[in-house]
Structures are given as C-alpha cells and as structure tokens.
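Secondary and tertiary structure notes
Each chain is listed here by its residues.
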Amino acid sequence: MGPADQPGRTPLRPKEQKRWTAAPLVLLVASAVLLVAVLAANFESQQLVVTLRISLTVATLVFALVAADMIRKLWKREKQTVSAFEDNVQDFREMSEHIQEIFWILDPRTKKATFVNPAYETITGRSCESLIDEPSSYVQAIHPEDRSRVLTKLAAAAQSGHFDESFRIVRPDGEVRWVWVHGFPRKDVSGKIIRLGGTALDITGQKKAEDQVATNLAKAKSAWAEAEALRKATLALTEDLHMDSVLETLLCSLAELVPYTCARVLVPEGGPHWLALGERSCPEVPKKSPRAPLTFIADDCPLFQRVWSERRRLLIPDTRNAEGWESFAGHQHLLSWLCVPLAASEELLGFLSVGHIEPNRLAENDLRRAELLAIPAAAAIQNARLYSTAEMYGSELEKRLGDLEKAERALDQSEHVRRASEEKFEKIFHSSPIAFSITTLDKGRFLEVNTAFEIRYGYSRNEVLGRTVEDLRIWENPADRRLLVSQLKQGGPVRNAVTRLRVKSGEIKLTAFSADRIQFDGETCILAVSEDVSIYDPKRIH
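This report concerns the structure included in the present document. No experiment lies behind these values; they were computed from the predicted model shown.

About the thresholds
- Residues numbered from 1 in each chain as written.
- Predicted model: local features only at pLDDT ≥ 70, side-chain atom pairs only at ≥ 80, totals over all residues.
- Heavy atoms only, no water.
- Helix = DSSP H or I, 4+ residues; strand = E, 2+ residues; numbered from the N terminus.
- Buried < 20%, exposed > 50% of the residue type's maximum accessible area, 1.4 Å probe, protein only.
- Contact = heavy atoms within 4.5 Å.
- Areas by Shrake-Rupley, 256 points an atom, 1.4 Å probe, with all protein chains shown as cover.
- Phe/Tyr/Trp six-rings, centres within 6.5 Å; stacked < 30°, edge-to-face > 60°.
- Pairing = 2+ DSSP bridges.
- Axes fitted to C-alpha atoms, helices over the stretch in contact; angles between N-to-C directions.
- 1 Å grid on protein atoms, 1.4 Å probe; cavity = no way out; pocket = protein on both sides within 12 Å on 5 of 7 lines; lining within 4 Å.
- Points joined across faces, edges and corners; volume = space filled by probe spheres on them.
- Nonpolar A, V, L, I, M, F, W, Y, C, P; charged D, E, K, R; others polar.

Here we take up the overall build of the chain. Secondary structure assignment for the chain yields 14 helices and 16 strands. Buried residues in the chain amount to 36% of all 542 residues. Intrachain contacts of the chain at a sequence separation of at least 6 include 50% that bridge at least 24 residues. Summed over its atoms, the accessible surface of the chain is roughly 33200 Å², and 55% of this surface lies on carbon and sulfur atoms.

Before going further, it helps to examine the packing of aromatic side chains. The full count for this structure, using the stated rule, is 15 aromatic pairs. Pairwise contacts between aromatic rings join Trp274, Phe296, Phe304, Trp308, Trp325, Phe328, Trp337 and Phe351 into one cluster.

Here we take up unusual backbone geometry. Residue Pro283 is bonded to the preceding Cys282 through a cis peptide linkage, with omega at -5°. Positionally, Pro283 belongs in the loop between β7 (273-281) and β8 (295-297). Of note, Lys111 is a non-glycine position whose phi angle comes to about 65°, a positive value. Within the element layout of this structure, Lys111 appears in the loop between β1 (102-106) and β2 (113-116). With a relative accessible area of 23%, Lys111 lands in the partly exposed category. Phi angles above zero are rare outside glycine, and Asn496 is one such case at about 55°.

With antiparallel pairing, five strands are arranged side by side in an open sheet as β13-β12-β16-β15-β14. Strands with a single pairing partner mark the edges of an open sheet, and in this sheet they are β13 (446-449) and β14 (494-502). When the angles between neighbouring strand axes are averaged without regard to direction, this sheet yields 30°. Where β14 meets strand β15 (residues 508-520), seven bridges bridge the pair, whose relative direction is antiparallel. Considered in β15, the bridge of Arg500 is made with Leu510. Relative to β15, helix α14 (residues 478-489) is tilted by about 30°, and along the sheet it contacts β12 (435-440), β14, β15 and β16 (523-532).

Per the stated rule, a full pass over the model turns up two cavities of 30 Å³ or more. Sorting the residues of the lining of the largest cavity by element identifies β1, β2, α3 (119-124), α5 (138-141), α6 (144-160), β3 (163-170) and β4 (176-187) as the ones contributing at least two each. In the lining of the largest cavity, the residues fall into 19 nonpolar, one polar and no charged. By volume, the second largest cavity amounts to about 160 Å³. Looking at the lining of the second largest cavity, the elements with two or more residues in it are β12, α11 (451-457), α14 and β16. The element best represented in the lining of the second largest cavity is β16, accounting for three residues. Taken together, the residues that form the lining of the second largest cavity break down as eleven nonpolar, three polar and one charged.

Treat this as a map of the structure, not an account of what it does.
If you want it as structure tokens, here you go:
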C-alpha cells in the first residue's frame, strides 16, 4: 500500500492553530515598533535610546523563548501524530488481514488494483502478489459469462462512485464461486473521484441455499400441478361410466402428465390374445377411415409375455437396446416405452401402454405419474365394466318385464275368460236337470253337487260335501269305481258306463255314468254325470 493509500496525519485543531499563529505575530509587531522607536530616538535623547534598546532586546528574548516553546510543542504534536498514524496503520493492517471479506482499492481511471487484503487469496485462489505484479489480473477471475456485464458496471462506477453487483468468479482449480461486491468513492476537495474502494463477500453458500430453495419451490409447484392434474383426472374418470368415455378421458388426462406420441389400453381377450381397447396419438392424427383396433398374441412377444406374467411396471428408455422388441406387434415404431398394470380388487384388468417415437423421452418420473394415474383409471374401468354388465342385465330385465307385462295381460285376459267360463259352467252345473258331482280323484270326497244330484240321490248338498263315496256307500260295487279311476288316470274319459249306485233310501238305481278329470280348487278331481238307465243292458256295465 502506497503513502497515498495510508490514513492521513492528525491536523491541529482550529483554536490551537490560531493561538500558535497569533502569539509570534504579536511579538513580531511589538519588536518592529520598538525598532522604529529606537531609530527615531537617536535624534532626541540618548537615555531614551538605551531604554528602547533594552526593550527591544527583551522583546527579542521573549520572542525567542516563545518560538522555542512553540517549536517544542510542535515537535511533540508531530511525534504524537506519527505515533497515532503508525497505530492506525497497524490497526488497518490487522483488520485487513483478519477480515473475511476482500477489501480492495482501485484507480478509477486505469481500473487497476492498488490494494487487496489476504482474503483475496482465500476467496479467489489467487495470490495477492500476482495482483500486485499484474494489477488487472483480477479480471481473469471473473466468470466469462459475467465478465462483460461486470466490467461495464465497473466503468460506470468510475463516474458515479457506486458499485453493487453479484457475479461468479472462477478459481484456478475450476471451482465456481459467487461474490457480492460493493464499492464506494473517495474524492478530493474538488469532488473528483481519486480512488474506488470496497468489499467483496463470498456468497456461494447463500446462492446455493437460494438455488436449493428455488429447486424445492419448483419441485413443490411441480408436485402441486401433478396432484391437481391427478385430482382432475380422477374426477373426470367418474363423470361418465361408459367404457368409451372412460378410456378417452384416461388417455387425455395421461397427456397432461406424460409426454407421449402413442398411448393404448391393452386388455386380455382370452387366452394369449390381447386387444388395444383404447388408443390415442399426440399430436392427434386425423382419422381418414375407421380401422380395426390393434390385436396381438402375447406368446409371439416374449417381452410382453414376461411383463404380463410378472404383472409389473416396466420402463425402456431406448427400445433399440431391448431384446425382442421387434416382435411386439404395433409397437415397433416406438423408441421409448413404459407400461403399468391396471389392477382393481386384486384383478388384472390390463396394461396402460405409453410410448414415444424418440429415445430417452420417458423417464422414471413419467413412470411414477403413469402409475399414480393407473390407480383411479383401473377403478373407473372396472366400474365401466360393471356398468356395462348392469346395462346388459337392465336391458334384459326390461325385455323380460315387457314379456311379463304381456303375460300378465294375457293372464288377465285368460283369467277373465276362465271366470266367464266358470260362471257359465257354474250356471250349467247348477241348473242342469242331470245329476252333476265333483269328487276328488283318489279319495272320492265330495266337493260340489248340483240340485239334480240332490233330487236323484235324496241327499242335501250339506249332507254330502266333505264326505266320501265310501262314507255314503253310493257305489254298490266299489270295484266299479276303482276301474273308473284307473281309466281316468290313464288319461281317457269315461262315457256312459252303466253301474249300480245307491241312493239315500237304500234303493239301488241302474245308472249311466260319465266322468272326466278336472282341476278344482287346486286338486285333481272327477266331474261325474249320472242319469237313469231306462232299459237294462248288461253289456254296458263295465
């Protein structure tokens, strides 16, 4: 550090300076007055001359004593000033050597460094001697990408006196550090900047912390955007339960999370056969004409066969290095590929296949996002399948309900006809002049008789209902009834069989008996018609 850069001497205070200047001046004026008086007195009185000479001598002695005292005090002041200056220089050196910031001084005209402290070596990795030998060598420490900007700002600081910049420096070992440099001017009495001084602080740790905060903030924003996209996708997947809508929503939502050029939903068709149930391209290709969906056999592609059997996710950054990729039907044009299983309720529904025509475009983050989307997608696909099944059953149920309604209408109509027939039968049954009876097939218990029966057999209706033919002993020969029942069970009716029946009074009447099976009150019964035989014919008795 040159003398011009060292701290200045301590000047006299204004009052002391005036006092020390006035005292010699007064003595000098007094001596001059005495000298004039001595010269003037030579012409008047010898005694006056002697007096004046004595006074002049005394004044000269006093002046000499005052001057000697003033010189002594000035020497003492000078000694104190030098001592203080040396102390200040020592303090400055100790401070500059121990401070962690670079303290620097530049010539504003030449931009050359005139002073730096040892912190320059610690921060820049360059020695102070190298800067003294080459005062502009600090420029080489500035990062090439920041150098032009910093030098421009430094040139402006030579006029304004202010410099405040953060920039990178490169140490000789290649390490990059960040410094914050603050500069201030030193001016002369005319206000001209004669020196630029300042500090340089190593803020590499702060910059790394700021970069880490920015990175974490970017990750947080990315995670929030990812979560928001997944939330919207989950909601969209539940808006429509039709399978086509679910697949379209799934592949559109996937495009917001994963960069792909072709995505498919692969589902098993049975055995080794697989079908691309859904497919989408990004950017979308105009559809010229409908084409059949992609189908393939898993056994023909060992790579997919392995994925299917292991039910695992897979990422292939560059399919050109994947063994057996060329055998994967419909996927050969994809140079990076990933797939994740679509599983719900421990059932494998298929795979989400995602590919890009450029290698290394799909990474682990894309695989993770696709896997997260596969969770609600699998549930939506399963719900769509259940909904489709429910629709099919609903359609079948609707059809059957229609058939049931028709059957009910036919039944109602049939019931109406039946009731009409029953009414007609009942009228005929009760109003017929021929004896009618209804008995059960097996036991022969009476369920109904008409008025003609009451008249012919002498029993009232109440006397026969609930009783059997055996109770009333109506058949003279019970074997005739058993034969009759046997014929009816074989399916044929009995017409005009002549038999002998007993009436209430015990009289035996020769009777022409006809019968057929009917359903009455939920039982198999015999509807019988009996009438008198006027001419006896033994051949008619069976």
